[in-house]
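Coordinate analysis (summary)
Okay, here's what each chain looks like letter by letter:
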Amino acid sequence: MKGLAALLLILVMAATAYNFAQIQQLRAEVVLLRSQLAEQKRANNLLAEAVESVQQAKDAIGRVDKRAASNALEQAGARLRDAAKFAGEKAGPALKWLEDQVREMKARSSVPNGGAQ
């Protein structure tokens, strides 16, 4: 009887140790997921700011204000570069493509059109 009680006590202690290890692992995963979520939120905010800068550039181009358009496109490019740092590897190529598009728009907006600005 004492042997059975000792065996049950060992099994309970082993189960408790296993549960403790699982809880610690889950806590580590939660910390990692929170970190990844914060990075995604930061990337989303930067992307929203980049979209806003592109819209400002579009408005400036409509007003034929090359300097404002160029500045807004520069801000958009910087925001996209920052967003690419925080974004996951799946979003990286799309953000790189957007950054290239902004760079191309900036190059086109800085081309003089008969000297007018």
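For every chain, the first residue of the written sequence is number 1, and numbering continues from 1 along that sequence. Residue-level local features of this predicted model are given only where pLDDT is at least 70; pairs of side-chain atoms are given and counted only at 80 or more, and the full residue set underlies all totals for whole chains, interfaces and linings. Based on all heavy atoms of the structure, the side-chain values leave hydrogens and waters out of the count.

1. So, the overall build of the chain
Here a helix means four or more residues in a row that DSSP labels H or I, a strand means two or more in a row labelled E, and each is numbered from the N terminus. Each helix and strand in the chain was counted, giving three helices and zero strands. Secondary structure elements in the chain, listed N-terminal to C-terminal, are α-α-α. Exposure is judged per residue with a 1.4 Å probe applied to protein chains only, and the accessible area is read against the type maximum: over 50% gives exposed, under 20% gives buried, and values in between give partly exposed. Of all 117 residues assigned to the chain, the portion counted as buried reaches 17%. The long-range share in the chain, meaning contacts at least 24 apart out of those at least 6 apart in sequence, stands at 62%. Areas reported as accessible are Shrake-Rupley estimates using a 1.4 Å probe. Residue values count occlusion only from the protein chains shown. Per element, the accessible surface of the chain, about 8800 Å² overall, is 62% carbon and sulfur. Contact definition: two residues touch when any of their heavy atoms are within 4.5 Å.

2. Comments concerning unusual backbone geometry
One non-glycine residue with positive phi stands out, namely V64, at about 55°. Topologically, V64 is positioned in the loop between α1 (2–62) and α2 (66–86).

3. Observations concerning α1
Its 61 residues give α1 an end-to-end C-alpha distance of 89 Å, which sits within 8% of 90 Å, the value for a rise of 1.5 Å per residue. For α1, the complete set of buried residues consists of A43, L46, A50, S53, A57 and A60. Against the buried residues of α1 lie α2. Of the residues one or two after α1, V64 is the one with positive phi, at around 55°. The span you would expect from a helix comes to 1.5 Å times its residue count less one.

4. Describing the nonpolar core
In terms of nonpolar packing, the biggest core is built from 12 residues, these being A43, L46, A50, A57, A72, L73, A76, L80, A83, A87, L95 and V102. Mapped by element, the contributors of at least two residues to this core are α1, α2 and α3 (92–109). Here the element with the most residues in this core is α2; it accounts for five residues. Each nonpolar core is a collection of buried residues, namely Ala, Val, Leu, Ile, Met, Phe, Trp, Tyr and Cys, held together in the definition by side-chain atoms within 4.5 Å.

5. Considerations on a nonpolar patch on the surface
Like-charged residues are merged into a patch within 9 Å and nonpolar side chains (Val, Leu, Ile, Met, Phe, Trp, Tyr) within 5 Å, provided each residue has over 30% relative accessible area and no salt bridge. Just to be clear on terms, a salt bridge is a Lys or Arg side-chain nitrogen sitting within 4 Å of an Asp or Glu carboxyl oxygen. Side chains of M1, L4, L7, L8 and L11 sit close together on the surface and give an oily, nonpolar patch of about 580 Å² of accessible area. Structurally, M1 is set in the segment before α1.

6. Some thoughts on the pattern of salt bridges
According to the stated counting rule, one finds two salt bridges in the structure shown. Between E49 and R79 there is a salt bridge whose closest N-O contact spans 2.7 Å. Of the two residues, E49 is situated in helix α1 and R79 in helix α2; the sequence distance between them amounts to 30 residues. Note that R63 is salt-bridged to D65, the shortest N-O span being 4.0 Å.

7. Quick look at the confidence of the model for the chain
The predictor reports its confidence for every residue as pLDDT, a score running from 0 up to 100. Summing up the model confidence of the chain, the mean pLDDT is 82 and the portion of residues at 70 or higher is 90%. Of all the helices and strands in the chain, α3 carries the lowest mean pLDDT, 77, while α1 carries the highest, 90. Confidence over residues 113–117 falls short of pLDDT 50; this stretch has five contacts with residues more than four positions distant or in other chains.

8. Re α2
With 21 residues, α2 should cover 30 Å at 1.5 Å per step; its first-to-last C-alpha distance of 30 Å lies within 8% of that length. Taken as a whole, α2 has its buried residues at K66, A69, S70, A72, L73, A76, G77, L80 and A83. Each buried residue of α2 lies within a common arc of 165° when the element is viewed along its axis, so the set occupies one face. Exposed and facing more than 90 degrees away from the buried side of α2 are R67 and K85. In this description, one arc is meant: the one made by directions from the helix axis to the C-beta atoms.

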